[in-house]
Number of protein chains: 2
Amino acid sequence: MNSDMLVRITRYYRALNRLRAIGLEKVFAHNLSDAAGVSAAVVRKDFSLLEIHGQKRGGYEITDLIDRLSRLLGKGEPQNVIVVGCGRIGKALMHYSGFEPDGIRIVAGFDSDPIVYSDASHPVPVYPMSRLDEMVEALDSKVAIITVPESAAADTAEKLFDAGIRGILNFSPITLKPRPAAPGEIPAVVHNINIALELEQIFYQLQFPDGRKQ
Amino acid sequence: MNSDMLVRITRYYRALNRLRAIGLEKVFAHNLSDAAGVSAAVVRKDFSLLEIHGQKRGGYEITDLIDRLSRLLGKGEPQNVIVVGCGRIGKALMHYSGFEPDGIRIVAGFDSDPIVYSDASHPVPVYPMSRLDEMVEALDSKVAIITVPESAAADTAEKLFDAGIRGILNFSPITLKPRPAAPGEIPAVVHNINIALELEQIFYQLQFPDGRKQ
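Here is what the cut-offs are and how they apply
- Residues numbered from 1 in each chain as written.
- Chains lettered and ligands numbered in written order.
- Predicted model: local features only at pLDDT ≥ 70, side-chain atom pairs only at ≥ 80, totals over all residues.
- Heavy atoms only, no water.
- Helix = DSSP H or I, 4+ residues; strand = E, 2+ residues; numbered from the N terminus.
- Buried < 20%, exposed > 50% of the residue type's maximum accessible area, 1.4 Å probe, protein only.
- Areas by Shrake-Rupley, 256 points an atom, 1.4 Å probe, with all protein chains shown as cover.
- Lys, Arg positive; Asp, Glu negative; His and termini not counted.
- Charge placed at Lys NZ, Arg CZ, Asp CG, Glu CD.
- Least-squares fit on C-alpha atoms with pLDDT ≥ 70 in both.
- Contact = heavy atoms within 4.5 Å.
- Buried area = accessible area lost by both parts, 1.4 Å probe.
- Salt bridge = Lys/Arg side-chain N within 4 Å of Asp/Glu carboxyl O.
- Polar contact = N/O pair within 3.5 Å; in protein donor to acceptor, adjacent residues only side chain to side chain.
- Nonpolar A, V, L, I, M, F, W, Y, C, P; charged D, E, K, R; others polar.
- Phe/Tyr/Trp six-rings, centres within 6.5 Å; stacked < 30°, edge-to-face > 60°.
- Pairing = 2+ DSSP bridges.
- Axes fitted to C-alpha atoms, helices over the stretch in contact; angles between N-to-C directions.
- Right-handed = clockwise from strand over helix to strand, strands pointing away.
- Domains from an automatic or database assignment.
- Core = buried A, V, L, I, M, F, W, Y, C linked by side-chain atoms within 4.5 Å.

A. Focus on the overall build of chain A. Secondary structure assignment for chain A yields nine helices and eight strands. With respect to the three principal axes, the spread of C-alpha positions in chain A is 60 × 45 × 40 Å. The buried share of chain A, reckoned over its 214 residues, is 51%. Accessible surface computed for chain A: about 10200 Å², of which carbon and sulfur atoms make up 50%. The averaged location of the 26 negative side-chain charges in chain A is 8 Å from the averaged location of its 24 positive side-chain charges.

B. Quick peek at the relation of the copies chain A and chain B. Rotating chain A by 180° and moving it 0.0 Å along the rotation axis overlays it on chain B with an RMSD of 0.1 Å. Read as a symmetry element, the transformation amounts to a two-fold axis. For chain A, the residue whose C-alpha comes nearest the rotation axis is Ile 89 of chain A, separated from it by 3.2 Å. In this assembly the copies share their binding face: 100% of the residues contributing to the interface of chain A also contribute to that of chain B.

C. Quick look at the interface of chain A and chain B. Between chain A and chain B, the contact holds 68 residues from the first and 68 residues from the second. For the pair chain A and chain B, the summed buried area comes to about 6300 Å², and 68% of that belongs to carbon and sulfur atoms. Of all residues in chain A, the largest losses of buried area upon contact with chain B belong to Glu 200, Phe 203 and Leu 206 of chain A, amounting jointly to 11% of the total for that side. Where chain A meets chain B, there are two salt bridges. A salt bridge links Arg 14 of chain B to Glu 200 of chain A, with the shortest nitrogen-to-oxygen separation between them at 3.8 Å. There are six residue pairs in polar contact (both at pLDDT 80 or more) connecting chain A and chain B. In terms of residues, the side of chain A that touches chain B owes the most to one element, helix H9 (residues 195-207) of chain A, which gives 13 residues. Looking at side-chain class alone, the side of chain A that touches chain B contains 36 nonpolar, 15 polar and 17 charged residues.

D. Here's a closer look at the packing of aromatic side chains. Under the defined criterion, the tally for this structure stands at eight aromatic pairs over all chains. Relative to Phe 99 of chain B, the ring of Tyr 96 of chain B lies with its centre 4.8 Å away and its plane at 80°, an arrangement referred to as edge-to-face. The exposure class assigned to Phe 99 of chain B is buried, which follows from its relative accessible area of 1%. One aromatic cluster is present, formed by Tyr 12, Phe 47 and Tyr 60 of chain A through successive ring pairs.

E. Up close: the sheet that holds strand S3 (residues 80-84) of chain B. Residues and elements named next belong to chain B. Pairing is parallel in the open sheet, where six strands are placed in the order S5-S4-S3-S6-S7-S8. Two strands close off the open sheet at either side, each with one partner strand: strand S5 (126-128) and strand S8 (189-192). The sheet shows a mean angle of 25° between the axes of neighbouring strands, taken without regard to direction. As paired elements, strand S7 (residues 167-170) and S8 share four bridges and run parallel to each other. Along S8, the bridge assignment pairs Ile 168 with Val 190.

F. Looking closely at the pairing of S7 of chain B. Residue and element names in this part refer to chain B. With burial as the criterion, each face of S7 is covered, one bearing Gly 167 and Leu 169 and the other bearing Ile 168 and Asn 170. Direction of pairing for strand S6 (residues 143-146) relative to S7: parallel, over a ladder of four bridges. From the neighbouring strand, Ile 145 faces S7, where its bridge partner is Leu 169. Taken together, S6, helix H8 (residues 150-163) and S7 form a β-α-β motif whose crossover is right-handed.

G. Highlighting the domain arrangement of chain A. According to the domain assignment, chain A contains domain 1 (3-72) and domain 2 (79-198). Inter-centroid distance (C-alpha atoms) of domain 1 of chain A to domain 2 of chain A is 31 Å.

H. Just the nonpolar core, in detail. Within the largest apolar cluster, 46 residues are counted, with the highest numbers of intra-cluster contacts made by Ile 145 of chain A together with Ile 145 of chain B. If we ignore the near neighbours within four places in the chain, the residues touching Ile 145 of chain A are Val 81, Ile 82, Val 83, Val 84, Leu 93, Ile 106, Leu 169 and Phe 171 of chain A together with Leu 199 of chain B.

I. Geometry of the pattern of salt bridges. All names here are of chain A. Counted by the stated rule, this structure contains 16 salt bridges over all chains. Arg 8 serves as the salt-bridge partner of Asp 46, at 2.6 Å between the closest nitrogen and oxygen. Residue Asp 46 is found in helix H3 (residues 40-49), and its partner Arg 8 is found in helix H1 (residues 3-21); the two are separated by 38 residues along the sequence. For the pair Asp 46 and Arg 8, a shared accessibility class is recorded, and that class is buried. Across the pair Glu 158 and Arg 179 runs a salt bridge whose closest N-O atoms are separated by 2.7 Å. Pair noted here: Glu 158 is in helix H8 (residues 150-163) and Arg 179 is in the loop between strand S7 (167-170) and strand S8 (189-192), with a separation of 21 residues, a long-range link. Residue classification places Arg 179 among the partly exposed positions, given a relative accessible area of 30%. When salt bridges with common partners are traced through the structure, they connect Glu 158, Asp 162 and Arg 179 into a single cluster.

This is the structure in structure tokens:
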């Protein structure tokens, strides 16, 4: 499965969970096409590639589709995520409830500042960075969100890989790269979200419409 | 310029501003390759395509490069951004100082909740949604960040386009699309950042390394 198809499948999966939550039992390709921003023909083609077939009278059973996509996406494994850097953005993510429908749980925060990790008002426990190794193992967490200042980001990523973290979602403005995998090891994964860069691209695309991406 | 090259150019531009800030006057392709996550050969090829040539003894003048890339990226225009939805993520963005080096300013927030827009503790003025049209014009703002709850996102985007906003960075979990352009109008631009989707992709890529994107 290529990465574009993966993005679509995860979007279908999210949309299906929402449709089931509001009581629907059956879904049509065009319902899912809206959610994923593609045509209904693409949805049908994706499902056909995955050997998922609709019913004779049209449409798909939502529960059945969720089961199949869930297996395909490797759901069922613990998806415990930690947040490293509990400033404003880190705190906002710890409070965000929108991950739950996807089975993703923010289970802990980490910060180097005693004022931050001694504050009892956080929605999940916040630990000092010195307890990272111990807690990553105890929490069985493989994925971390980095929301530390730019100057601390590269060092934080190294500490996370050392502690056993394999996937990083990086909100700091520097571009982090995954640590090269040891022989036989599953490669680490890093996604960088650079908010300033996204805004700059938007300004650029508005000013020079010919260079815009679609 | 295609979108991959645009991303690299904006990364070079950011890196150059940081290098100048710490007192450097000259830069080499391999300095910039680190910042953009590409090889030095790609940096040289990009500059060659843009007809930017290094000095005889190697390297480029930072000030000169910044001037050229700045013109290329359309800097100098006002880059006033508004934040719509002043919950935890919206507030974190209003407080974030990392946009300034890129010439992007968050100039105002908007919220539908009187408790939020009456609160005087925000770092920029926060207005009720009813004043959107008036303030977007007064602030000469063309780009907005959406940080409203999912249920309000589509409606918010419509209101923003009606008010004259042309570019949207959407943090709500639904995928928003740009409104089709009227004849002769510059097409609107929407970037969607879906944090839950990014995390899901990371989990997927860790579980099925063959399907991962690079």
